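# Structural description and commentary
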Amino acid sequence: MSDDENEFEMEATKDFVCSEELMPTCRGDAEKGAKAVTAPQVEFDGRTDSLFFNDGKRRIDFVLVYEDEDKKEYEKRHMYQRRKRRRQYFEDSLMRMGLELEAVPSVVDDKTLFVKVHMPWDVLCTYAEVLHIKLPIQANDLASKSSTFNWFTKYFYPSQDLIKDETEYFTAPFAKDRMEHFHIKDQDQFFTPAMRGRMAYYILSRAEYEERGKVKKFGISKLLDGGIYKAAYPLHDCRFNVKSADEDCPNERYLLYKEWGHPKSFYKMQPLDLIRKYYGEKVGIYFAWLGFYTAMLAFAAVVGLGCFIYGYKTQHTSTWSKEVCDEQIGGRIVMCPQCDQECTYWRLNSTCETSKKLCIFDNYGTLVFAVFMSIWVTLFLEFWKRYQAELEYEWDTVEFLEQEEQPRPEYEAKCVHPRINPITQTEEKVPYTACGKCIRVSLGIGTVLFWILLIVASVVGVIVYRLAVFFTFSAKLRQDLKELEPFREYVTPQMATSVTASLISFVVIMILNYVYERVAIWITDFELPRTKTEYENSLTLKMFLFQFVNYYSSCFYIAFFKGKVVGYPGQPVYWLGMYRNEECDPGGCLIELTTQLTIIMGGKAIWNNIQEVLMPWVMNLISRHCSSSRSEKSVPRWEQDYQLQPMGKLGLFYEYLEMVIQFGFVTLFVASFPLAPLLALLNNLFEIRVDAWKITTQFRRVVPEKAQDIGAWQPILGGVAIFAVVTNAMIIAFTSDMIPRLVYYWSFSVSDGGPEAMHTMEGYINKTLSIFDVKDFSNDSRPLNAPYWFQNGTTCRYRDFRHPPGHPRQYEHSVYYWHVIAAKLAFIIVVEHIVYLTKFILAYAIPDVPVAVREQIKREKFLTQQILHLKLVKPVADMIRQRVDVTDEVDVASMANDMNKADEADEADTGLDLDFL
């Protein structure tokens, strides 16, 4: 990529970039022809744990890394001179904005230099006000209530000897002219390293690096993309496994690893306040959500495990399962071939083991668990809102989106079209007109729809594979497994087809994910959202829509389409005019859906863990080996961090996406797989510690960012929760055999017992299998070969509710079929209404913000108005009081003079001394 590609440019915006509102410390442009001032270069002072400049006083807030162009090969030097000029201009811009720089050569590679960036006190105060950063004004005088379970949960908290509780304060947006009202003990400690890093990155992302006439180019992001800088990051405060030699170092990274990221701390609760303090609110809110989701999964996992145990214990006592396995019932029922010509007749009892396994998942406990999960997901979302409200208050993000978030540099760079702000009624510049915005959004929607259709096409391809390969497995699988007798009962043609198709589907999913991620990022960049939150929300929606179709399409096909429109043996339904529509496994489609979920969930978890753990660990191992082989000198803190892996541009986006996709599997299809919450719980317990280990040991410190909540993921979770009620009701109604069994039990089965006849499930298998006359096979469907035990057979059975041959309406649906359809529809409507009503009642009854948090917010606002407005109110009050005092003095003197005159007149009239009276 050339240096001129994909640059941020602005036309006629010389005053805009360096405006007083966005960059208050900008000291104007450099004079034409003046030489750019660059960072002074010093030698490494030997203090490996130092977080300061060589003077030991100025703290390092950010580090920039580049390769010295003058030490490149002679033939290539001219190629790097333009990069050098841009870098020098950029550093000059930073210093004109008030930052202080110091360059240090690498101790490992003499071509690499590290530029240390420091923000002086005045610059910190200025940008704290620009970013509306909330800082303490007074200690919190509202005592927090302790939980009644503290006697038990205290054993799961991090060690308070290492991670001590911090004093809680009421906070307010910082203002330089009211500085005396803020709780400032030490200027060096007033702004946390996370705040300093955030403000430093704000300046770096808006500093200029080139100017050509009216066009200015700026931002560290493009310098990194163009290779002018190799890296830009804030520093870790120490090594993750060794405390710093500096006595003043808080060693927060070491504490996080010891009490959070270390495998031995797997049972401990997360130190969320320290995570937020060290990495920022955005990282903190992710781990808070992940921990809360995992804790709530524990309840669902226990109930799901109980449902599974119930099904496992009753699989051998199930009436319909015993009938399938019975030699006198299932052994005498001959089933029709499930494909044309190549398939042959088979006995029902050959699916005995599959039938038993189906009973584990298809039982009455599954219905109870599906309803429970619908209530569980509502409680999860409502209680998360309450917990999130507590974190918003504690972490000072209650009014973040309205007050603090600034436009993205990419957005600012394209602001060339003037418009009138509808709120302020002043002129402002935007990057596109209304028509241009419509075109961008339309292009984005069209691209997303195209990729969704591409996924649908891939699903169709997998279905065609299933239809085609089923014939091959049906013809050859039994013969190939003749020597492996124990496996013949389990490896049926349907099961082999389902497993191989699931693996192919998984591979296709991963390939499409890889390509679409880059397309979605390009589309979102083209749309040019204003703020980082809007950018992430737009990208989140695009990615989730794609991932939803990509991951869940095969599951929806098995659950709601496979085996539903197959006709009957004499007149099967063909797909695309050539492939006979696929039928369910003899045990039902529910067991296939369970297999599909297990493969996708398991494969996805294994792949993600390999990608998240092994890849950065191997890369860091190679980096450390290369650096140690080149130099045995002591490596400073900034160079140790440079050897770590950078966090991706999208940060925690993929972590959220992984968990939300898992949430969909846990809720949308839980009726077919009650163990899904348990597997998700085990995965998440591992995921939390893997993410903690990864972020503290393998990655550079991320740039701290503010976040009020989990963003667009919140409404996505709500939408999945509502949709889950429908999918689970439909799985129970149309995929499982529960409704046909209930209809048979209550409407068609009565045991022989005279007047005291009882309902029973005996005879269910015979009742639900229709009869087909083998003479009615068409030439294309008739099996080529028949087993020796069926040479004289005349009829076979198939799964459906149709009249037998010889009936006036032979092969048409029977009354039983319409009873079952009516019962399924009634079940869906009743269950949906009951569950939705319960969900809405719970959502209404549980307030989103706890009462205690609401009181603290009101108390903080009261103190803010009382303290911070005092400086404005007091001078005005004094001025009014002075005016009143002067007016009162004049009025009193005038009244006294008038009274004296009146007294003299009265004395003259009466001759009395009024003063005496």
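No experiment lies behind these values; they were computed from the predicted model shown.

Procedures and definitions
Residues numbered from 1 in each chain as written. Predicted model: local features only at pLDDT ≥ 70, side-chain atom pairs only at ≥ 80, totals over all residues. Heavy atoms only, no water. Helix = DSSP H or I, 4+ residues; strand = E, 2+ residues; numbered from the N terminus. Buried < 20%, exposed > 50% of the residue type's maximum accessible area, 1.4 Å probe, protein only. Contact = heavy atoms within 4.5 Å. Areas by Shrake-Rupley, 256 points an atom, 1.4 Å probe, with all protein chains shown as cover. Axes fitted to C-alpha atoms, helices over the stretch in contact; angles between N-to-C directions. Parallel < 35°, antiparallel > 145°, perpendicular 65-115°, else oblique. Left-handed = near helix turned anticlockwise from the far one by under 90°. Nonpolar A, V, L, I, M, F, W, Y, C, P; charged D, E, K, R; others polar. Phe/Tyr/Trp six-rings, centres within 6.5 Å; stacked < 30°, edge-to-face > 60°. Lys NZ or Arg CZ within 6 Å of the ring centre and 35° of its normal. Salt bridge = Lys/Arg side-chain N within 4 Å of Asp/Glu carboxyl O. Patch = residues over 30% accessible without salt bridge, like charges linked within 9 Å, V, L, I, M, F, W, Y side chains within 5 Å. Lys, Arg positive; Asp, Glu negative; His and termini not counted. Charge placed at Lys NZ, Arg CZ, Asp CG, Glu CD. Pairing = 2+ DSSP bridges. pLDDT = per-residue confidence, 0-100. Disulfide = S-S within 2.5 Å. Core = buried A, V, L, I, M, F, W, Y, C linked by side-chain atoms within 4.5 Å.

Time to look at the overall build of the chain. Of regular secondary structure, the chain possesses 29 helices and 18 strands. Per-residue burial over the chain gives 51% buried out of 917 residues. Restricting the contact set of the chain to residue pairs at least 6 apart, pairs at least 24 apart contribute 77%. Roughly 44900 Å² of accessible area belongs to the chain as shown, and the carbon and sulfur atoms make up 59% of that amount.

Turning our eyes to something else, we now look at the packing of helix α8 (residues 252-261) against helix α23 (residues 676-698). As a packed pair, α8 and α23 sit with axes 10 Å apart at the nearest point and diverge in direction by 160°. In this view, α8 runs roughly antiparallel relative to α23, as classed from their interaxial angle. With respect to the hand of their crossing, α8 and α23 are arranged in left-handed fashion. Across the interface between the two elements, Arg253, Leu256, Tyr257, Trp260 and Gly261 of α8 pack against Ile688, Arg689, Ala692, Trp693, Ile695, Thr696 and Thr697 of α23. Considered class by class, the residues forming the contact of α8 with α23 number 7 nonpolar, 3 polar and 2 charged.

Each aromatic ring pair is described using two quantities: the centre-to-centre distance and the angle formed by the ring planes. Taken as a whole and judged by the stated rule, the model has 62 aromatic pairs. Relative to Phe372, the ring of Phe369 has its centre 6.2 Å away and its plane inclined at 20°; by these criteria the two rings are stacked. On the criterion of helical spacing, the pair formed by Phe369 and Phe372 is a turn pair, its members being 3 residues apart in helix α13 (residues 364-394). The ring of Tyr278 is capped by Arg701, whose NZ or CZ atom sits 3.7 Å from the centre of that ring. Across the ring face of Trp320, the terminal group of Arg741 is positioned such that the distance to the ring centre comes to 4.0 Å.

What follows is about the pattern of salt bridges. A full pass over the atoms with the stated rule returns 29 salt bridges. The closest approach of N and O atoms between Asp45 and Arg47, which form a salt bridge, is 2.8 Å. Using a relative accessible area of 35% as the deciding quantity, one classes Arg47 as partly exposed. Put simply, Arg96 and Asp92 hold a salt bridge, and the shortest N to O gap is 3.0 Å. Of this pair, Arg96 and Asp92 are both found in helix α2 (residues 77-96), 4 residues apart, which corresponds to roughly one turn of the helix. Summarising the burial analysis for this pair, Arg96 and Asp92 share the class buried. Overlapping salt bridges, with partners in common, bring together Asp55, Arg58 and Glu100 in one network.

Looking now at unusual backbone geometry. Backbone geometry places His132, a non-glycine residue, at a positive phi of 55°. Along the chain, the position of His132 falls in the loop between α3 (121-130) and β4 (134-139). Look at Asp396: it is not a glycine, yet its phi comes out positive at around 60°. Within the secondary structure layout, Asp396 lies in the loop between α13 and α14 (400-403). Relative accessible area serves as the criterion here: at 9%, Asp396 is assigned to the buried category.

On the surface, a cluster of negative charge is made up of Asp165, Glu168, Asp273 and Glu394. Residue Asp165 is classed as exposed on the basis of its relative accessible area of 67%.

A surface patch of nonpolar side chains, about 710 Å² in accessible area, is lined by Ile606, Ile610, Leu614, Trp617, Val618, Met619, Leu621 and Ile622. As for its position among the elements, Ile610 is in helix α20 (residues 589-630).

Moving on: the environment of Tyr642. Along the chain, Tyr642 falls in helix α21 (residues 637-642). Exposure remark for Tyr642: the relative accessible area of 25% places this residue in the partly exposed category. Along the chain, Tyr642 and Leu64 lie 578 residues apart, while their C-alpha atoms are 9.7 Å from each other. Setting aside residues no more than four positions away along its own chain, Tyr642 makes contact with Val65, Phe114, Lys230, Ala231, Tyr233 and Arg700.

The next point concerns the pairing of strand β2 (residues 100-105). Of all 6 residues making up β2, 5 are buried, and the element is well covered by its neighbours. Where β2 and strand β3 (residues 112-118) come together, 6 bridges link them in antiparallel fashion. Looking at the pairing, Leu101 lines up with Val117 of β3. Hairpin connection of β2 to β3: 6 residues between the antiparallel strands.

What follows is about the packing of helix α10 (residues 281-314) against helix α12 (residues 352-361). Look at α10 against α12: their axes get within 7 Å of each other, and the N-to-C directions meet at 145°. Read as a crossing pair, α10 and α12 show a hand that is right-handed. Only Cys359, Ile360 and Phe361 of α12 make contact with α10, whose side of the interface consists of Cys307, Phe308, Gly311 and Tyr312. Looking at the contact of α10 with α12, its residues break down into 6 nonpolar, 1 polar and no charged.

Model confidence for the chain is summarised by a mean pLDDT of 81, while 83% of its residues fall at 70 or above. Considering only residues more than four positions removed or in separate chains, one finds that residues 1-18, a stretch of pLDDT under 50, has 52 contacts. With pLDDT under 50 throughout, residues 906-917 is counted as low confidence; its partners more than four residues away or in other chains account for 7 contacts.

Scanning the entire structure with this criterion turns up 3 disulfides. With a sulfur-sulfur separation of 1.9 Å, Cys325 is cross-linked through a disulfide to Cys352. Around the S-S axis, the bridge from Cys325 to Cys352 shows a dihedral of about 100° and counts as right-handed. Of this pair, Cys325 sits in helix α11 (residues 319-325) while Cys352 sits in helix α12, placing them 27 residues apart in sequence. Since its relative accessible area comes to 22%, Cys325 is described here as partly exposed. Residue Cys352 is classed as buried on the basis of its relative accessible area, which comes to 13%. One disulfide in the model links Cys339 with Cys343; its S-S distance is 1.6 Å.

The subject of this paragraph is the nonpolar core. Residues Trp289, Phe665 and Phe669 are the most contacted members of the largest nonpolar core, which totals 153 residues. The greatest single-element share of this core, amounting to 15 residues, is contributed by helix α19 (residues 532-560). If you look at the next biggest cluster of nonpolar residues, it comprises 48 residues, including Ala39, Val123, Met199 and Val853.

The next thing to look at is α12. Judged by how many residues are buried, α12 sits mostly within the fold: 8 of 10 residues are covered. Along α12, the residues classified as buried are Cys352, Thr354, Ser355, Lys356, Leu358, Cys359, Ile360 and Phe361.

We now examine the sheet that holds β2. In space, the 4 strands of this open sheet follow the order β2-β3-β1-β8, with antiparallel pairing throughout. The two strands at the open ends of the sheet, each matched to only one other strand, are β2 and β8 (231-233). Sheet twist, expressed as the mean angle between neighbouring strand axes with direction ignored, is 20°. Set on the sheet, helix α6 (residues 193-204) makes contact with β1 (62-67) and β3; between it and β1 the angle comes to about 45°.

With respect to the secondary-structure elements, Ala852 resides in helix α28 (residues 851-868). Residue classification places Ala852 among the partly exposed positions, given a relative accessible area of 42%.

With respect to the helices, strands and loops of the structure, Thr667 is situated in helix α22 (residues 653-668). A sequence separation of 293 residues divides Thr667 from Ser374, and the C-alpha atoms of the two residues are 7.7 Å apart. Beyond its immediate sequence surroundings of up to four residues, Thr667 is in contact with Trp376, Val377, Val720, Ala724 and Asn728.

Right, let's get into the side chain of Glu392. Considering the arrangement of structural elements, one finds Glu392 in helix α13. Setting aside residues up to four positions removed in sequence, Glu392 forms contacts with Thr397, Val398, Gln708 and Asp709.

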